[in-house]
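Geometric and topological summary
One-letter residues, chain by chain:
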Amino acid sequence: MVAIRPTRVSAFAVYEVRRALAKKKVLAVVAFTILIDTVPYYILSTSGASLIPAELYPYLWVAGVIAPFALFIQFIAILIAAGAMSEEYEAGTAEILLAKPVSRAEFMVGKFLGGYLLVALVIAMNAALSVIAADLVFGPQAGLWTFPGVVLLEVYSTALFFTVAFMVGELVRRSSLAYILSSALVVSSQIIGTYLSIAFELTGSRFYEMMHTYLPTTVASSLPAQYEQALLPSSSGRVFQLILGPMGGAPSEVSAAIIVAAYAVAAVAISLAYFSRADVSKRIS
Amino acid sequence: MSSPVIEFSGTVKHYGEKTIGPIQFSVGKGEIFGFLGPNGSGKTTCIRMLLGLARPSGGSVRLKGEDPISRHVQALTGVGYSPELPNIQTFLTPRDVLALAAAESGLKEARDETDRVLEEVGIIEYCDTKVSKLSKGMVQRLSVAQAMLGRPEVMILDEPMIGLDPAGTAHLREAFRSYAKEGGTILMSSHMMSEVEDICSGIGLIHNGRLLFNGTAKEMISQVLGATEVRVEAENLSAEVIESVRRIEGVVGVTQTLGGLDVKVDGGYEVRPDIARVLVSSGAELLKLGEGERMLEKAYVVALRGGGDKAD
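Residues numbered from 1 in each chain as written. Chains lettered and ligands numbered in written order. Predicted model: local features only at pLDDT ≥ 70, side-chain atom pairs only at ≥ 80, totals over all residues. Heavy atoms only, no water.

1. Topic: the sheet that holds strand β6 (residues 154–158) of chain B
Residue and element names in this part refer to chain B. Within the open sheet, the 6 strands sit side by side as β5-β6-β7-β3-β8-β9. Their pairing is mixed. Of all strands in the sheet, those bounded by a partner on one side alone are β5 (79–82) and β9 (210–215). Adjacent strand axes in the sheet meet at a mean angle of 15°, parallel and antiparallel pairs treated alike. Sheet topology note: the β5/β6 ladder contains 4 bridges and is parallel. Across the sheet, the residue bridging to Tyr-81 is Ile-156, located in β6. The strands that helix α5 (residues 136–148) touches are β5 and β6; relative to β5, the one it contacts most, it runs at about 170°. (Pairing = 2+ DSSP bridges. Helix = DSSP H or I, 4+ residues; strand = E, 2+ residues; numbered from the N terminus. Axes fitted to C-alpha atoms, helices over the stretch in contact; angles between N-to-C directions. Contact = heavy atoms within 4.5 Å.)

The following block contains the structure:
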């Protein structure tokens with residue numbers, strides 16, 4: 001049994017960041033993140049500023065941090081994670097990388113951490129751009145002391161779909177299929193969540209609420225929103241209602257953190273177990 | 001005798017309905033072993049098992065005495081590999097590719113070493129050009145360069161000459177020769193019979209997943225064709241001279257060709273000194289005396305046509 005050597009892991013992590021950035025789709029996503037964090041503020045300032053109560057202006061940065069997280073950031077995480085392993089098989093580069101004195105665990109952990117670091121950077125960039133854009137358009141922003149916390153929680157919560165997509169990428173070894181399957185999980189979870197909310201509203205049955213609580217999309221998106229909601233003044237609550245709707249049917253922060261960790265640990269364990277046993281695929285495409 | 005560097009012992013790999021093996025051969029230190037066989041015969045699968053990229057379904061594989069699956073790091077330390085298709089990261093430069101390979105292998109003073117191997121394969125002037133902008137031949141050289149990085153004890157090369165121009169082929173041939181002279185071991189698969197015949201000390205022929213032959217090129221030619229061939233280039237060849245050559249012990253046939261003779265020789269005989277003596281004493285002008293051309297290729301074709309009748 002060979003221990004996981006930090007030097008090898010870091011070499012693969014740096015390589016993974018470079019590899020992902022070299023792919024135009026990741027750069028396109030980064031460009032799109034910049035747009036999504038700046039254009040809405042500009043539109044609001046030119047055509048909708050009068051509709052927003054002035055007391056909410058200092059908290060509008062939160063909207064830019066939280067709103068893209070429910071779906072957009074999850075898709076970015078999936079895009080990066082789904083290709084981390086599968087694109088190496090498709091390009092045939094896995095062979096040359098693994099025919100070296102490195103363990104499969106070092107390879108996988110390095111690539112996982114590199115991809116995850118990139119997602120964390122995108123999240124941080126998304127949050128920073130929101131603050132800058134809100135500040136420029138709506139004046140000085142308040143409650144910024146929560147900024148590091150919400151970014152960390154978003155990074156943590158993204159682990160759920162990131163690890164699932166990483167696992168699917170390793171299992172199917174086709175980047176497009178992995179992306180489609182992982183995205184389908186997000187979309188279907190979101191749609192099922194909507195149906196469960198409607199069912200709960202109509203019947204009042206706690207069963208539907210409980211089901212909604214443990215959906216992957218509910219868990220992944222609830223933690224940062226709950227953190228901000230608890231810390232910011234009550235007058236900012238409307239911002240969250242506009243963005244996320246009512247917070248009913250969401251797990252507690254502790255439960256959400258545990259569920260995210262459970263999904264992530266299970267997905268990583270499955271990926272590692274499969275990768276350790278399976279042959280390294282030959283070039284696919 | 002020291003233990004083999006590469007060892008296949010009854011190794012089998014099942015791919016659905018297809019089976020590779022059982023494969024049995026070994027390669028000793030300082031040998032250049034040529035692994036021959038048509039496309040899809042199982043060469044690459046054997047190489048992948050040797051590198052721990054594919055798990056054998058039965059039997060065992062040892063690289064430097066280690067199991068490349070369960071003791072991958074130990075088995076692959078000091079081993080260089082150049083794959084059949086040089087699938088190298090196109091967004092990197094040759095220097096980046098080698099820096100990554102050096103980091104994987106834990107090489108110290110990687111910069112000097114990367115420069116050395118880039119120089120060795122003749123692409124140092126392209127060290128900072130993106131791989132995507134390099135020609136196929138240069139990418140192939142880069143693939144071999146990363147296999148040579150860190151002066152490995154063993155090099156496993158899957159079609160290393162593919163896509164190379166004659167100068168590149170000659171360059172690598174010499175590099176491999178000097179590497180083996182210094183004690184390095186090479187297992188190389190190839191379709192280029194002349195290269196294999198020229199530089200390999202041992203060969204293995206695999207077809208339809210079965211090892212048909214394992215030995216030297218000369219042995220294979222002798223075993224498959226029943227005779228070897230000597231090519232004589234000479235002037236003033238009279239009928240008497242040809243008859244004298246025919247009478248040399250071990251010669252089983254003589255054919256006169258344009259500018260010389262093709263002499264068929266029983267596999268166990270070395271007749272070139274006798275042929276030289278006969279020609280010189282009879283007044284013929286001897287220009288060149290060497291082994292018959294493309295003999296291994298002929299033996300290869302015949303062996304494959306036989307489909308394994310001459311399996312050892």
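2. Describing the interface of chain A and chain B
Facing 29 residues of chain A, the contacting portion of chain B comprises 29 residues. With both sides pooled, the region where chain A packs onto chain B buries about 2700 Å², and carbon together with sulfur makes up 56% of that total. When residues of chain A are sorted by the area they lose upon contact with chain B, A:Ile96, A:Lys100 and A:Pro101 head the list and together hold 23% of the total. Viewed at the interface, chain B and chain A are joined by 3 salt bridges. With a shortest N-O distance of 2.7 Å, A:Glu95 and B:Arg48 are connected by a salt bridge. Applying the counting rule to chain A against chain B returns 15 residue pairs in polar contact (both at pLDDT 80 or more). Looking at the side of chain A that touches chain B, the elements that each hand over two or more residues are α1 (6–22), α5 (93–98) and α12 (253–277) of chain A. At 7 residues, the largest contribution of residues to the side of chain A that touches chain B is made by α1(A). (Buried area = accessible area lost by both parts, 1.4 Å probe. Salt bridge = Lys/Arg side-chain N within 4 Å of Asp/Glu carboxyl O. Polar contact = N/O pair within 3.5 Å; in protein donor to acceptor, adjacent residues only side chain to side chain.)

3. Some details on the packing of α1(A) against helix α3 (residues 94–105) of chain B
Interhelical geometry of α1(A) versus α3(B) gives an angle of 155° and a closest axis separation of 8 Å. By the angle between their axes, α1(A) is roughly antiparallel relative to α3(B). When the axes of α1(A) and α3(B) are compared, the crossing they make is left-handed. Taking contact as the criterion, the partners of A:Arg8, A:Ala11, A:Phe12, A:Tyr15 and A:Arg18 in α1(A) are, on α3(B), B:Asp96, B:Leu100, B:Ala103, B:Glu104 and B:Ser105. Considering only residue class, the contact of α1(A) with α3(B) consists of 5 nonpolar, 1 polar and 4 charged. (Parallel < 35°, antiparallel > 145°, perpendicular 65-115°, else oblique. Left-handed = near helix turned anticlockwise from the far one by under 90°. Nonpolar A, V, L, I, M, F, W, Y, C, P; charged D, E, K, R; others polar.)

4. A few points about the sheet that holds strand β4 (residues 58–63) of chain B
Residue and element names in this part refer to chain B. Taken in spatial order, the 3 strands line up as β2-β1-β4 in an open sheet, and their pairing is antiparallel. One side of each edge strand has no neighbouring strand; the edge strands of this open sheet are β2 (18–27) and β4. Averaged over all adjacent pairs, the angle separating strand axes in this sheet is 25°, with direction ignored. Relative to β2, strand β1 (residues 6–15) runs antiparallel, the two being bridged by 7 bridges. The partner of Thr-11 across the bridge, within β2, is Ile-23. Relative to β1, helix α1 (residues 43–50) is tilted by about 115°, and along the sheet it contacts β1, β2 and β4.

5. A look at the side chain of B:Arg95
By secondary structure assignment, the location of B:Arg95 is in helix α3. The contacts of B:Arg95, once residues within four sequence positions are left out, are B:Arg111, B:Thr114, B:Asp115, B:Cys127 and B:Asp128.

6. Things to note about the domain arrangement of chain B
Many analyses report the size of an interface as the accessible area lost when the parts associate. In terms of domain boundaries, chain B breaks down into domain 1 (6–219) and domain 2 (227–292). Between the C-alpha centres of domain 1 of chain B and domain 2 of chain B there is a distance of 39 Å. (Domains from an automatic or database assignment.)

7. Here's the deal with the pattern of salt bridges
Under the definition given, this model contains 27 salt bridges over all chains. One salt bridge in this structure joins B:Asp198 and B:Arg177, with 3.0 Å as the shortest N-O distance. With B:Asp198 in helix α7 (residues 193–199) and B:Arg177 in helix α6 (residues 166–181), this pair connects stretches of sequence that are 21 residues apart. A single salt-bridge network, built from bridges that share partners, covers A:Glu16, A:Arg19, A:Lys23, A:Glu87, A:Glu88 and A:Lys111.

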